[in-house]
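Chain and residue survey
Chain by chain, the residues run as shown.
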Amino acid sequence: MKPLLIVLACLLSVATHARETIVRSQAEYQEAVKTLRAGDTVVLANGEWRDFEVLFKGEGTAERPITLTAETKDQVFLTGQSNLRLAGEYLVVSGLVFKNGHSPTDVVIAFREAQGEYANNSRVTKVVIDRFNKPERAEFDVWVMMYGKNNRFDHNHLVGKGNQGVTMAVRLDSAQSQENHHRIDHNYFGPRQTLGSNGGETLRIGTSHYSLTNSFTTVENNYFDRCDGEVEIISSKSGRNVFRGNVFFESRGTLTLRHGNDNVVEGNVFLGNHVEHTGGIRVINKRQTVRNNYLFGLTGHRFGGALVIMNGVPNSPINRYHQVEDSVIENNSIIESSHVELAAGADKERSAPPIRTRFTGNLIYNANGRNILAVHDDVSGIQFARNFVHKVAKLPISAGFSSREMKLQKASNGLLYPIGVNMGANRKLAVLDKDATGVAWYPKPGRDERFDTGTTIAALAGADSLAKAVARAQAGDIIELAGGAHVVERTLIIDRPLTIRSADTARRASIEFARNALFEIADGGSLKLIGLDISGKTAPDVAGNSVIRTSRYSMLNNYVLEVDDVAVSHLDVNHSFNFFTAAKGTFADHIRISRSTFSDITGHVLFLSNESEDLGIYSAEYITITDSKFANIEGTVADVYRGGTDESTFGPHFELSGASLQSVGSGKRNKSQASVRLLGVQAIDIHNNTFSDSRPVRVTHTVGEPVSTIVGNHYVGTPAPEVDTL
Ligand code: CA
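What this report covers is the structure whose coordinates are included nearby. (Residues numbered from 1 in each chain as written. Predicted model: local features only at pLDDT ≥ 70, side-chain atom pairs only at ≥ 80, totals over all residues. Heavy atoms only, no water.)

1. Topic: the sheet that holds strand 51 (residues 509-513)
- Overall, parallel pairing links the 10 strands, which are arranged 46-48-51-54-57-60-63-66-69-72 in an open sheet. The sheet is open, and its two edges are formed by strand 46 (462-463) and strand 72 (714-716), each paired on a single side.
- In the sheet, strand 66 (residues 660-664) pairs with strand 69 (residues 690-692) via three bridges, with the strands oriented parallel. For Q662, the partnering residue across the bridge sits in strand 69 and is S692. (Pairing = 2+ DSSP bridges. Helix = DSSP H or I, 4+ residues; strand = E, 2+ residues; numbered from the N terminus.)

2. Digging into the packing of aromatic side chains
- Counted by the stated rule, this structure contains 18 aromatic pairs.
- Seen from their ring centres, Y29 and F52 are 5.4 Å apart, and the 80° between their planes marks the pair as edge-to-face. Residue Y29 is found in helix 2 (residues 26-34), and its partner F52 is found in the loop between strand 3 (47-50) and strand 4 (53-59); the two are separated by 23 residues along the sequence.
- Judged by its relative accessible area of 0%, F52 falls in the buried class.
- Between F587 and Y618 the ring centres are 5.4 Å apart and the planes differ by 75°, which places this aromatic pair in the edge-to-face class. On the criterion of sequence distance, the pair formed by F587 in the loop between strand 58 (578-581) and strand 59 (588-594) and Y618 in the loop between strand 61 (606-608) and strand 62 (620-626) is long-range, its members being 31 residues apart. (Phe/Tyr/Trp six-rings, centres within 6.5 Å; stacked < 30°, edge-to-face > 60°. Buried < 20%, exposed > 50% of the residue type's maximum accessible area, 1.4 Å probe, protein only.)

3. Digging into the coordination of the calcium ion
- Around the calcium ion, the protein supplies N198 (OD1), E201 (OE), E230 (OE) and E230 (OE) as donor atoms, at distances of 2.3 to 2.7 Å.
- Taken in chain order, the donor set of the calcium ion reads N-x2-E-x28-E.
- Residue classification places N198 among the partly exposed residues on the basis of a relative accessible area of 34%. (Donors = N, O, S within 2.8 Å, 3.2 Å for Na, K, Ca; no water.)

4. Some points on the environment of P353
- With respect to the helices, strands and loops of the structure, P353 is situated in the loop between strand 36 (340-344) and strand 37 (357-360).
- The spacing of P353 and E325 is 28 residues in sequence and 8.9 Å in space, taken between C-alpha atoms.
- Beyond its immediate chain neighbours, meaning those up to four positions away, P353 contacts N311, Q323, V324, D377 and D378. (Contact = heavy atoms within 4.5 Å.)

As structure tokens, then:
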């Protein structure tokens, strides 16, 4: 073709129709994107695209955007080391699924090619990111980073962020990304497990450094389903954002207006359903508006309460706490929740209470008439009017609150309203339907039922029978051991949830093992032991054995360990023989020991102190020991370490009750010389135990306002507990 004809042909194609190009390989994709013009569409063929770093770059127009999409929406998978960057104008990406891999960089989807090369007026919609985590739990990345201006992120499905780093962030780190007017709407933010350190937020908008800059980001009609992560579900760190119409379902943490001014939080529904540490809205800074929100069954306390208005720091540095000024808290319904905190965090540093702020038309209802309103400083700078509480006998604030008897009734939107009086949230408040978020073609996760969902497998007594049963068991199966002796020659790798129990409670199974560990919980595994006798007497004659340990490799999935009615003995062939050892980079949602006995152990029963770098990382969220007996233990019943000074985690939590300890903690290798040693534990409940001839309980508080209850214990030949603060 002559040059003139080529030019003509190009002009013709622009004028007539946009091109749609289906590509079947990365090479074909690279070719197709070279010549993208406004209105064009690139279609990724169905199938797996492995190790594909997609750069989608072009200049579309409002009428004729450039589109990247999937041939079929649930059949295009980006796997291995893959990611997506958008750069240019008026781009649309839809229908991709990221799974079975992770990004090789620090972001899965970025609205930029590089610093200074941003996407604007662009949209990512109906994209799935499913457990696309870095293999190392402690390694940082962010799944979605929004840069540029006027972008939209909608109807996406993000579930199972397991490694360090917020799920999604809006960045304001250059003028091209400030005052961005982004929209984040109709996304399904699926379950995010407890991270066990700072950096587990689901959404962060801005950073403290740019927090006095306006973002103008709207976060609307998103569903936050069990977004646990850490204490902040959303951390707003910029100005003029709007949070509207979102549902927070059984999510531990709060929507926090951490930095920045002039934000609006309205028409959101928080359904805590009495799950521990579920919270609502935390207010800091100037000219914030919190109105018409519905907050139900939120159990969180302190900064994690249903509604928290903070004290500020006079002349605060940008990364501390600005005083609450000129803010409005109105027409919110706070029902069957545990804490509303005013002037929260008041201390020597945070000495500036809220000023010129209105608190009006709010409804606080607890059927039992309990007062949940706490005042931590002078609140004369808050003007209270027309607030109602349900028959609270003694309120800390009298003016602006009326206490009266009310009855609640469910309205057609499923929410509770008082009969006969108009107060609290609007009766027409629309409750977002979960099915209106994310995509219809990718299932949303149900309840987490990990144990006892499968079939029962019988294991006869003798050698190798248990090992064979474990090898063939599926997730949720129950292995029933015949009565008598089981000898295990290899370490049993538990990488699925399994229950192992005696078939007959009258004739218990007993287990001996010949390796350094009987069980190793690996990624994806959880273990429940019931009605067994476990002896260490045939374990190898070396130091440092464990009955159970976690993988030495980082585990992305939190595990659970439950031990009920188990007798453990003879962990004494050599020194430092633990019942359970948690390795670094692994995290338990809970460890529960009940009705069990432990005797003659040269190490610790639970050793949870390998995260020793003081980075706020720890090994287990809940550790619960009830109705158990411990005798002749050289180490501790539990050694739990949570170093570091950040206040981003609810845990660890520790309970010991109904236990008897006889000769615990005096071994010369037990560094703490404690029977129970807890450092940096946030909630401690030690009650109704008997300590005989044992070393003391030693508690060290490091950060936050830990709640320690140590009551009703008997100490015989045992010093009283020692509690100190670092
Ligand atoms: Ca945080």
